[in-house]
Amino acid sequence: MKPFKTKDTTPPVNQSTSNDDQEEEEDYMKMTFTDDVPSTTRRPETSLQRRQRERREAEARGRVKSKAEIAAEEEARREAALSKSLLSTDPDAIKKNKGLSMMAKMGFTGGALGSKANKDAKAEPIKINVKDGREGIGLESERKRKLREMAEQAGEAAKKVKVDEIGYRERVRLEREEARLEGQLRGAQKIAAQMDEEMGSLEKRDDETDSAKKKAVVPNSSRPLKSLPVVYRGLVRAREEAERDRRMRHDLEQSSSSSSIGPLSSRLPVYVDDEQDDDDKMALGKDRASTIYVTADDLDEEDEELAAFEALPTAEKLAKVVMYLRERHRYCFWCKFTYPDEAMEGCPGVTEEDHD
Amino acid sequence: MSDYKSDSSDTKGAKRSMDDSISKDSKRVKTNGKEKMADYNPYLAHMYEGEGKAAGQKSILDTFTRQKTTAEQASKAEDLDVNPWTNQPHSQQYFKILQTRRDLPVSKQRQEFLDMYHSTQILVFVGETGSGKTTQIPQYVLFDELPYQTGKLIACTQPRRVAAMSVAQRVANELDVELGEEVGYSIRFENKTGPKTMLKYMTDGQLLRESMHDHDMSRYSCIILDEAHERTLATDILMALLKQIAARRKDLKIIVMSATLDAQKFQTYFYDAPLLAVPGRTHPVEIFYTPEPERDYLEASVRTVLQIHATEPEGDILLFLTGEEEIEDACRRISLEVDDMIRESDAGPMKVYPLYGTLPPHQQQRIFDKAPEPLRKGGRPGRKCIVATNIAETSLTIDGIVYVVDPGFSKQKIYNPRSRVESLLVSPISKASAQQRAGRAGRTRPGKCFRLYTEKAFKKELIEQTYPEILRSNLANTVLELKKLGVEDLVHFDLMDPPAPETMMRALEELNYLACLDDDGELTRLGSLASEFPLDPALAVMLISSPEFYCSNEMLSITSLLSVPQIFVRPNNARKRADEMKQQFAHPDGDHLTLLNAYHAYKSAEQGGQDVKQWCHEHFLSFRHLSSADNVRQQLRRIMETHGIELISTPFTDKNYYTNIRRALLAGFFMQVAMRESSNSKVYKTVKDDQLVMIHPSTVVTSPYDWVVYNEFVLTTKQYVRTVTNIRPEWLLEIAPVYYDVDTFEKGEIKSALTRITDKIKRRQVLKGSR
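Residues numbered from 1 in each chain as written. Chains lettered and ligands numbered in written order. Predicted model: local features only at pLDDT ≥ 70, side-chain atom pairs only at ≥ 80, totals over all residues. Heavy atoms only, no water.

Some remarks on the overall build of chain B
Here's step 1: Scanning chain B from N- to C-terminus turns up 32 helices and 21 strands.
Here's step 2: The globule rule puts the C-alpha radius of gyration for 771 residues at 28 Å, and the 28 Å found for chain B is close to it.
Here's step 3: Expressed along its principal axes, the backbone C-alpha trace of chain B runs to roughly 90 × 75 × 55 Å.
Here's step 4: Per-residue burial over chain B gives 62% buried out of 771 residues. (Helix = DSSP H or I, 4+ residues; strand = E, 2+ residues; numbered from the N terminus. Rg over C-alpha atoms; globule rule 2.2 N^0.38 Å. Buried < 20%, exposed > 50% of the residue type's maximum accessible area, 1.4 Å probe, protein only.)

Details of the overall build of chain A
Here's step 1: In terms of helices and strands, chain A carries 13 helices and two strands.
Here's step 2: Out of the 356 residues in chain A, the part that is buried amounts to 28%.
Here's step 3: Considering only residue pairs separated by 6 or more positions, chain A has 51% of its internal contacts joining residues 24 or more positions apart.
Here's step 4: With an accessible surface of roughly 25,000 Å², chain A has 53% of that area assigned to carbon and sulfur atoms. (Contact = heavy atoms within 4.5 Å. Areas by Shrake-Rupley, 256 points an atom, 1.4 Å probe, with all protein chains shown as cover.)

A word on the sheet that holds strand 11 (residues 350-355) of chain B
All names here are of chain B.
Here's step 1: Taken in spatial order, the six strands line up as 9-16-13-10-12-11 in an open sheet, and their pairing is parallel. On the outer flanks of this sheet lie strand 9 (285-289) and strand 11, each paired with one strand and no other. On average, each strand axis in the sheet is inclined to that of its neighbour by 20°, with strand direction left out of account.
Here's step 2: Alignment of strand 13 (residues 401-406) against strand 16 (residues 447-451), held across four bridges, turns out to be parallel. Counted as the bridge partner of Val404 is Cys449 from strand 16.
Here's step 3: Sheet strands touched by helix 16 (residues 324-345): strand 10 (316-320), strand 11 and strand 12 (383-388). Its angle to strand 11, the strand with the most contacts, is close to 175°.
Here's step 4: Taken strand by strand, helix 19 (residues 431-439) contacts strand 9, strand 10, strand 13 and strand 16, and its axis lies near 140° from that of strand 16. (Pairing = 2+ DSSP bridges. Axes fitted to C-alpha atoms, helices over the stretch in contact; angles between N-to-C directions.)

Re the UniProt feature "domain: G-patch" (unreviewed entry) in chain A
Here's step 1: When the UniProt feature table is mapped onto this chain numbering, "domain: G-patch" (unreviewed entry) sits at residues 95-142 of chain A.
Here's step 2: Along residues 95-142 of chain A, the helical share is 29% and the strand share 0%, with 47 Å between the first and last C-alpha atoms. (UniProt positions renumbered as here; feature names shortened; annotations may be inferred.)

So, the confidence of the model for chain B
All names here are of chain B.
Here's step 1: Summing up the model confidence of chain B, the mean pLDDT is 87 and the portion of residues at 70 or higher is 92%.
Here's step 2: This model gives residues 1-38 a pLDDT under 50, and the stretch forms 89 contacts once residues within four places in sequence are excluded.
Here's step 3: Contacts of residues 48-55 to residues separated by more than four positions or lying in other chains number 19 contacts, the stretch itself having pLDDT below 50.
Here's step 4: The ipTM, which scores confidence in the relative placement of chains, is 0.78 for this predicted complex, and the corresponding pTM is 0.70. (pLDDT = per-residue confidence, 0-100.)

Considering the pattern of salt bridges
Residues and elements named next belong to chain B.
Here's step 1: A complete count under the given rule lists 70 salt bridges over all chains for this structure.
Here's step 2: A salt bridge links Lys413 to Glu469, with the shortest nitrogen-to-oxygen separation between them at 3.1 Å. Residue Lys413 is found in strand 14 (residues 409-416), and its partner Glu469 is found in the loop between helix 20 (455-461) and helix 21 (476-484); the two are separated by 56 residues along the sequence. Residue Lys413 shares its accessibility class with Glu469, and that shared class is buried. (Salt bridge = Lys/Arg side-chain N within 4 Å of Asp/Glu carboxyl O.)

Remarks on the sheet that holds strand 18 (residues 683-686) of chain B
Residues and elements named next belong to chain B.
Here's step 1: Spatially, five strands are ordered 17-18-19-21-20 in a closed barrel, and the strand pairing comes out mixed. When strand polarity is set aside, the average angle formed by the axes of neighbouring strands in this sheet is 50°.
Here's step 2: Along the sheet face, helix 30 (residues 657-669) touches strand 17 (673-676), strand 20 (707-715) and strand 21 (719-726) and points at about 50° away from the line of strand 20.
Here's step 3: Contacts from helix 32 (residues 749-770) reach strand 17, strand 18 and strand 20, with the element oriented near 155° to strand 20.

A word on the interface of chain B and chain A
Put simply, an interface is often sized by how much accessible area is lost when its parts join up.
Here's step 1: Each partner contributes residues to the interface: chain B has 81 residues there, and chain A has 68 residues.
Here's step 2: Roughly 6,600 Å² is buried in total at the junction of chain B and chain A, and carbon and sulfur atoms are behind 60% of that figure.
Here's step 3: Counting the surface chain B buries against chain A, the share from its top three residues, Arg418, Val491 and Pro501 of chain B, is 11%.
Here's step 4: If you look at where chain B meets chain A, you find five salt bridges.
Here's step 5: Connecting chain B to chain A are 18 residue pairs in polar contact (both at pLDDT 80 or more).
Here's step 6: Per-element tally for the side of chain B that touches chain A: the top contributor is helix 22 (residues 501-513) of chain B, with eight residues. (Buried area = accessible area lost by both parts, 1.4 Å probe. Polar contact = N/O pair within 3.5 Å; in protein donor to acceptor, adjacent residues only side chain to side chain.)

Considering helix 6 (residues 71-79) of chain B
Residues and elements named next belong to chain B.
Here's step 1: Looking only at helix 6, the buried set comprises Ala71, Ala74, Ala77 and Glu78. Relative to the axis of helix 6, the buried residues are bounded by an arc of 125° and lie together on one face. Of the residues in helix 6, the exposed ones pointing more than 90 degrees away from the buried face are Glu72 and Lys76.
Here's step 2: Those residues of helix 6 that are buried lie in contact with helix 7 (92-103), helix 8 (110-119) and helix 9 (133-145). (Arc of directions from axis to C-beta.)

Let's talk about the pairing of strand 18 of chain B
Residue and element names in this part refer to chain B.
Here's step 1: Along strand 18, one buried face is formed by Val683 and Lys685 and the opposite face, lined by Tyr684 and Thr686, is buried too.
Here's step 2: With three bridges connecting them, strand 17 and strand 18 associate as antiparallel partners. Bridging from a neighbouring strand, Ala674 pairs with Thr686 of strand 18.
Here's step 3: The hairpin turn running from strand 17 into strand 18, its antiparallel successor, is six residues long.
Here's step 4: Relative to strand 19 (residues 692-695), strand 18 runs antiparallel, the two sharing three bridges.

As for the nonpolar core
Residues and elements named next belong to chain B.
Here's step 1: With 145 residues, the main nonpolar core has Phe533, Trp707 and Tyr740 as its most contacted residues.
Here's step 2: The element that contributes the greatest number of residues to this core is helix 13 (residues 233-248), accounting for 10 residues.
Here's step 3: Ignoring any residue separated from it by four or fewer positions in sequence, one finds Tyr740 in contact with Phe670, Val673, Val687, Leu732, Leu733, Phe745 and Leu754.
Here's step 4: Counting residues in each nonpolar core, the second largest holds 43 residues, with Ala74, Leu114, Val141 and Met198 among its members. (Core = buried A, V, L, I, M, F, W, Y, C linked by side-chain atoms within 4.5 Å.)

Re unusual backbone geometry
Residue and element names in this part refer to chain B.
Here's step 1: Phi angles above zero are rare outside glycine, and Met217 is one such case at about 50°.
Here's step 2: As for its placement among the helices and strands, Met217 is situated in the loop between helix 12 (204-211) and strand 6 (220-225).
Here's step 3: Take Met217: its relative accessible area is 1%, and that puts it in the buried class.
Here's step 4: For Phe620, which is not glycine, the phi torsion reads 55° and is therefore positive.
Here's step 5: On the secondary structure map, Phe620 appears in the loop between helix 28 (612-618) and helix 29 (623-642).
Here's step 6: With relative accessibility at 15%, the residue Phe620 sits in the buried group.

Here we look at the pairing of strand 5 (residues 199-203) of chain B
Residue and element names in this part refer to chain B.
Here's step 1: Within strand 5, five of the five residues are buried, which leaves the element mostly enclosed by the surrounding structure.
Here's step 2: Here strand 5 shows two buried faces, one formed by Leu199, Tyr201 and Thr203 and the other by Lys200 and Met202.
Here's step 3: Sheet topology places strand 2 (residues 153-158) next to strand 5; five bridges connect them, and they run parallel. Bridging from a neighbouring strand, Ala155 pairs with Lys200 of strand 5.
Here's step 4: Bridge analysis of strand 3 (residues 183-187) against strand 5 gives four bridges, and the strand direction is parallel. Bridge pairing in strand 5 links Tyr185 to Tyr201.

Things to note about the side chain of Thr290 of chain B
Here's step 1: As for its position among the elements, Thr290 of chain B is in the loop between strand 9 and helix 15 (297-311).
Here's step 2: With sequence-adjacent residues up to four places away left out, Thr290 of chain B is seen in contact with Arg451, Leu452, Tyr453 and Thr454 of chain B.

A word on the packing of helix 6 of chain B against helix 8 of chain B
For any two helices packed against each other, one specifies the crossing angle of their axes together with the interaxial distance.
Residues and elements named next belong to chain B.
Here's step 1: Put simply, helix 6 and helix 8 touch, their axes get as near as 9 Å, and they point 125° apart. If you check the angle between helix 6 and helix 8, you find them oblique. Residues Ala71, Glu72, Ala74 and Glu78 of helix 6 lie in contact with helix 8, whose contacting residues are Arg110, Gln111 and Leu114.
Here's step 2: Residues that form the contact of helix 6 with helix 8 fall into these classes: three nonpolar, one polar and three charged. (Parallel < 35°, antiparallel > 145°, perpendicular 65-115°, else oblique. Nonpolar A, V, L, I, M, F, W, Y, C, P; charged D, E, K, R; others polar.)

Laid out in structure tokens, this is it:
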């Protein structure tokens, strides 16, 4: 019934009460009993509990450990044994340990052995280092050094975070400020893009004013990105990219939903159902054919000028856009007003603070 | 475990490259009748009136005044046609050797040495390898001490058995006397000295054993501790003892000889003793480091050797590695690569020789072979490459080495009292060791040393000096010897490097469990008897208790077999076959029993008149180690007989024959027992130390019990117990009740298992009683 039991295990027939108590005491040693439960008043284990415990233990015993587990445990035990000094100054422990008590009789009071004048005498045994594999001398310490450096770096980073935690409020404030500036920047860029477009279209005597459609059809989008002023080039670029992604996704969806039609389905003529309204068409993706896409052909190209601009702090970027608006359009971003003359009379200044 | 010098003790070839031709040619006519000298007593030498030295004839030595001689006088005596020590004419060979002796660096400072020797009781002598100190200094002392006048001998200790033997042979040749007569040696289990012996080379351990019965070392007028820089356990103990004895015996002279220049430590230790330094015959050695640490030092070693062979001018290569397996592997790889190099790039030929302690002597001798000739006339010169353990570091001199490759590792014994692990571990060498290795390149001409580590690693990672053996050993045996030597206060015993207190504590504790020391730390009768055996206390106690188990003959055999290196041979190219053969001797209950079976088979083959060597070869057994076990057995048997320990056996037909042996093992090894974690597990747990171990794969035990006794704990990257035998836990409680007192155990599986067994025994007794 219990194959794990060795032949030495006590057969149940012979279990006397005293025996039971003793075994129980041992088996519970790994669990911790707090002092408020004195062992005399401890309730005896019920047979059910006992059987459960035995089964648990048997399972733990019966499981075959993997080599790695054994090796790890071996090492752990070895290290545990090696790090524990056998010496004790406790008189009881000395009495119990015959070796120590003999040494005490010879006058050992701790410290190292030998002549008192000998300063080199060792008080601790030599450490054991088990070498694994065939690594040359210095390799391990080199690796350790690298690890340590990494740990130090990580520690520094952790320290930084800690410092920031202290100024939590400050950080939150900065984050908010940053977010606000980002919002203002985007707003200023939009205005700049829009105003440039208007100016461009005015120059071309184009009376098309619908700004929503402009980005798709008017020259702005068809112009190479690099010809746009850097102050809002990023915005246009992001828009273009988003548009391209959306279209690609759409093509993909089309192709996968109607397997017979290829990825170019959106460009193919479609059957026009009169009963479908615009929304239906939109939902079915049938209005696509009427839209012309012209993406900037240099969308994938590297743009150093833009990268340099984007790397600037948000506040500085904003300041640049504001200045661009003032210089090109005599528009003050803070007054939200286009001044009629170069002097921009009436505007209190170039910064937000000036407008407070 | 017991064979604590196994690695070094079997090193043949010894300190100096032996000149075989000399020993053959120097056969002389036997001196005066041996019968007459049979009952010569060295203590009564003065009563024989010069008989000991020259059988009544006048000798130039009679004109010498003891401890007042000069180098000139001695040289004159040496130049005579008649040997002043034997009054026999000198052989032709003698003068040839004398010429080479006079060329040794130490020879130029003979007078300086004598002056200093006369002026002090303790002298520190530093001479690098090749200075000739080991052979010459004892002879200089001999001509000054004139032992025949006092009847006191001169002793020169060596850390290694083979060194003691071969140096004694060399010095006997130099003095033109028979080995074992005027010059002899004494090592464990072998004594080659006679009544006429004046100069005795011996292992440091042997001198220590001798002094157990002669606390003042009164037989000697001068004791020379050679190779003290090696700091063996026995040399360290001897130094501490001699420091004490020197205070009592003002007539005793002590010379401490070291090969390294850091002799200051010795000077300070011996009350600022004067120092004499003799330069060695060395050439400058250029040292190279690698720019980056190596990922695999073995591969780097092979690569470096090949590179030297391809690019460097003529000269032999010495590569240091850690052990047999690694060395054989490297030899194979280098040989293969060199074959390629010869084919592809017209490289010169290169012979690769391994060198390690357990290599048979005739193979060790091959390292002295000449480097191979160029493949064709005018071709690139050939060279030899020796791949060696650190025995080539100090103990062996190979001429012709110009390049040294040093990966920076060696196998070192290590002991930690906390887990009671004593094992050989691959560890980084010390700076001193690295310098010693480099020095090997400069013996014949300027050389190069390639260190396979960075200069930074050399400076930062290597310790200054190798830890002396006393800090790396289990001291149970030493403590027993010290007790026998009359050292009462072990705590304040003035050792140069005292061991850690915990090591001492463990030793005392173990001896107490073995009942060799009582609770007050006094030597018991058993302890005193155990110290008579040149064995570890556990083995000695096992042997002494064996008559109680009716198997002392068998235990004697097992003890001898455990005192020699592994008798089972397992060559790489015939592993399977070797294992099959071993299986013939296998006893399912244990490796100890298997050893015994193999020994019995060996003895019956011997008695059956078979060619034993051939028989051993066929059965994959080491003839060398079996015959040395046989020799050890005889020595131990003599000691047992001397002390009245009965030699008995259980009849082989008795069903308890093997059981008795298994039980008798426990009488000594009850502290080396492991319990299986669970019945289907391979993992065992050592009792009390709580270490996880596995049984070494070399075992023959096929159906392991839950409890085993083991001979040694091996720590490599894994933890193994080697040479194990099944036992029953009931025996533990019966044979070692003090150690297995359940109350002393920490809570855990072993304690619960022991409790169950105790209860079972109790119940059985109750049942018996009620019947």
